[in-house]
Amino acid sequence: MLKLAANLSFLFLDRPLPERIAAAAACGFKGVEYQFPEDESAATLKAALDAGGLTQVLLNMPAGDWEAGERGIACLPGRESEFQDNIGRSIELATALGCARVHLVAGKAPAAGPERPAYEDTYRKNVAWAADQFAPHGINALLEPINGKRDVPGFFLKHTGHAREIIAELGKANVRLQFDAYHVQVTEGDLIHTYRDCLPDIGHIQIANPPGRNEPDHGETDYGFFMHEVEASEYDGWIAAEYKPVAKTEDGLSWGAPWGLRAG
């Protein structure tokens, strides 16, 4: 049975974050994730998780100055001290919420040229350092390729191959691939074969359907086929719904009915 989580930075956005957690539980999700905890305290979020019987499956580490266009700092030379401070805060929050995965948001970087090697080196060193800090707490460091065609132009980490190359180089058991099927399909295509190739490194899965990043049953990809592929594979982690609902979140959950989702 697949384990489905709701990404609350995308779903149930018509209410405060603690109420989104309750709504996810009412609709049959077993876990939740979100990009950032907004202004809520860890105690408030933990109480909402406990009340709904939900698992916090993923957190993002702080992503820099979002309003200024930053989308992570893990690859940015000169920001190492800030990165390390953020890792400390991420450990505190993940520990308080019982969360075993933190996405190290890479950030933007030049695609090529003489400056590129510094970004590559900084990212590897930061990921390795974070993984060592996470290990005593049982936390996995996740690396997510994000497409640069539509969503984040200039993002440092675009391809699963690049992420897996870094994972292999570092050789740390708690550095894993965050396989976002939407970004993979937009950037690489060949979703099923890419999933099969990446499976040994995958620590988390997210789903949405191109071209609009909507519900899994609303777009160009046959997610019924993909979900059954995942179910038949050796993957035993979470699958997070990180999509933009076409209308009200509760009205678009029929795609998940085989795995326990329902209108709340």
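Scroll up a little and you will see the structure.
The model shown is predicted, which means the values in this text are computed figures rather than measured ones.

Draft legend 1. Quick look at the overall build of the chain. Looking only at helices and strands, the chain features eight helices and eight strands. For 264 residues, the compact-globule estimate of 2.2 N^0.38 gives 18 Å, and the C-alpha radius of gyration of the chain, at 17 Å, lies within 12% of that figure. By principal-axis analysis of the C-alpha atoms, the chain measures approximately 50 × 40 × 35 Å. The buried share among the 264 residues of the chain stands at 54%. Intrachain contacts of the chain at a sequence separation of at least 6 include 75% that bridge at least 24 residues. Surface exposure of the chain reaches about 10,900 Å², of which carbon and sulfur atoms provide 50%.

Draft legend 2. Spatial organisation of the pairing of strand 2 (residues 31–34). Side-chain alternation along strand 2 places G31 and E33 on one buried face and V32 and Y34 on a second face that is also buried. As defined by bridge partners, strand 1 (residues 3–7) adjoins strand 2 across three bridges and the pair is classed as parallel. Its bridge partner being in strand 2, A5 is matched across the sheet by G31. Read from strand 1 through helix 1 (residues 17–26) to strand 2, the crossover connection turns out right-handed. Pairing of strand 2 with strand 3 (residues 55–60) involves four bridges; the strand directions are parallel. Residue E33 lies in a different strand from strand 3, and its bridge partner there is L58. Traced from strand 2 through helix 2 (residues 42–52) to strand 3, the parallel crossover comes out right-handed.

Draft legend 3. A look at the packing of helix 7 (residues 191–198) against helix 8 (residues 223–232). Remark: helix 7 packs on helix 8, axes separated minimally by 11 Å, with the N-to-C direction vectors making an angle of 20°. One finds that helix 7 runs roughly parallel with respect to helix 8. In terms of crossing hand, the pair formed by helix 7 and helix 8 is right-handed. Residues L191, I192, Y195 and R196 of helix 7 touch helix 8, and the partners they reach there are F225, F226, E229 and V230. Looking at the contact of helix 7 with helix 8, its residues break down into six nonpolar, no polar and two charged.

Draft legend 4. Main features of the packing of helix 1 against helix 2. Where helix 1 contacts helix 2, the axes come no closer than 9 Å and their chain directions differ by 15°. In terms of axis orientation, helix 1 runs roughly parallel to helix 2. The hand of the helix 1/helix 2 crossing is right-handed. Of helix 2, the residues touching helix 1 (which contributes L17, P18, I21 and A25) are T44, L45, A48, L49 and G52. Of the residues contributing to the contact of helix 1 with helix 2, the split by class is seven nonpolar, two polar and no charged.

Draft legend 5. How the structure looks around the sheet that holds strand 2. The strand order around the closed barrel built from eight strands is 1-2-3-4-5-6-7-8, with neighbouring strands paired in parallel fashion. Each strand of the sheet is rotated relative to its neighbour by a mean of 30°, with strand direction disregarded. Sitting on the sheet, helix 5 (residues 160–170) touches strand 5 (140–143) and strand 6 (175–180), and the angle it makes with strand 6 is about 170°.

Draft legend 6. Structural detail: the nonpolar core. In terms of nonpolar packing, the biggest core is built from 85 residues, with F29, L104, Y123, L143, F179, I205 and F226 touching the most fellow members. Among the elements that take part in this core, helix 4 (residues 116–134) stands out by supplying seven residues, more than any other. Counting residues in hydrophobic clusters, the runner-up holds six residues, among them A5, L142, W238 and A240.

The rules behind the values
- Residues numbered from 1 in each chain as written.
- Predicted model: local features only at pLDDT ≥ 70, side-chain atom pairs only at ≥ 80, totals over all residues.
- Heavy atoms only, no water.
- Helix = DSSP H or I, 4+ residues; strand = E, 2+ residues; numbered from the N terminus.
- Rg over C-alpha atoms; globule rule 2.2 N^0.38 Å.
- Buried < 20%, exposed > 50% of the residue type's maximum accessible area, 1.4 Å probe, protein only.
- Contact = heavy atoms within 4.5 Å.
- Areas by Shrake-Rupley, 256 points an atom, 1.4 Å probe, with all protein chains shown as cover.
- Pairing = 2+ DSSP bridges.
- Right-handed = clockwise from strand over helix to strand, strands pointing away.
- Axes fitted to C-alpha atoms, helices over the stretch in contact; angles between N-to-C directions.
- Parallel < 35°, antiparallel > 145°, perpendicular 65-115°, else oblique.
- Left-handed = near helix turned anticlockwise from the far one by under 90°.
- Nonpolar A, V, L, I, M, F, W, Y, C, P; charged D, E, K, R; others polar.
- Core = buried A, V, L, I, M, F, W, Y, C linked by side-chain atoms within 4.5 Å.

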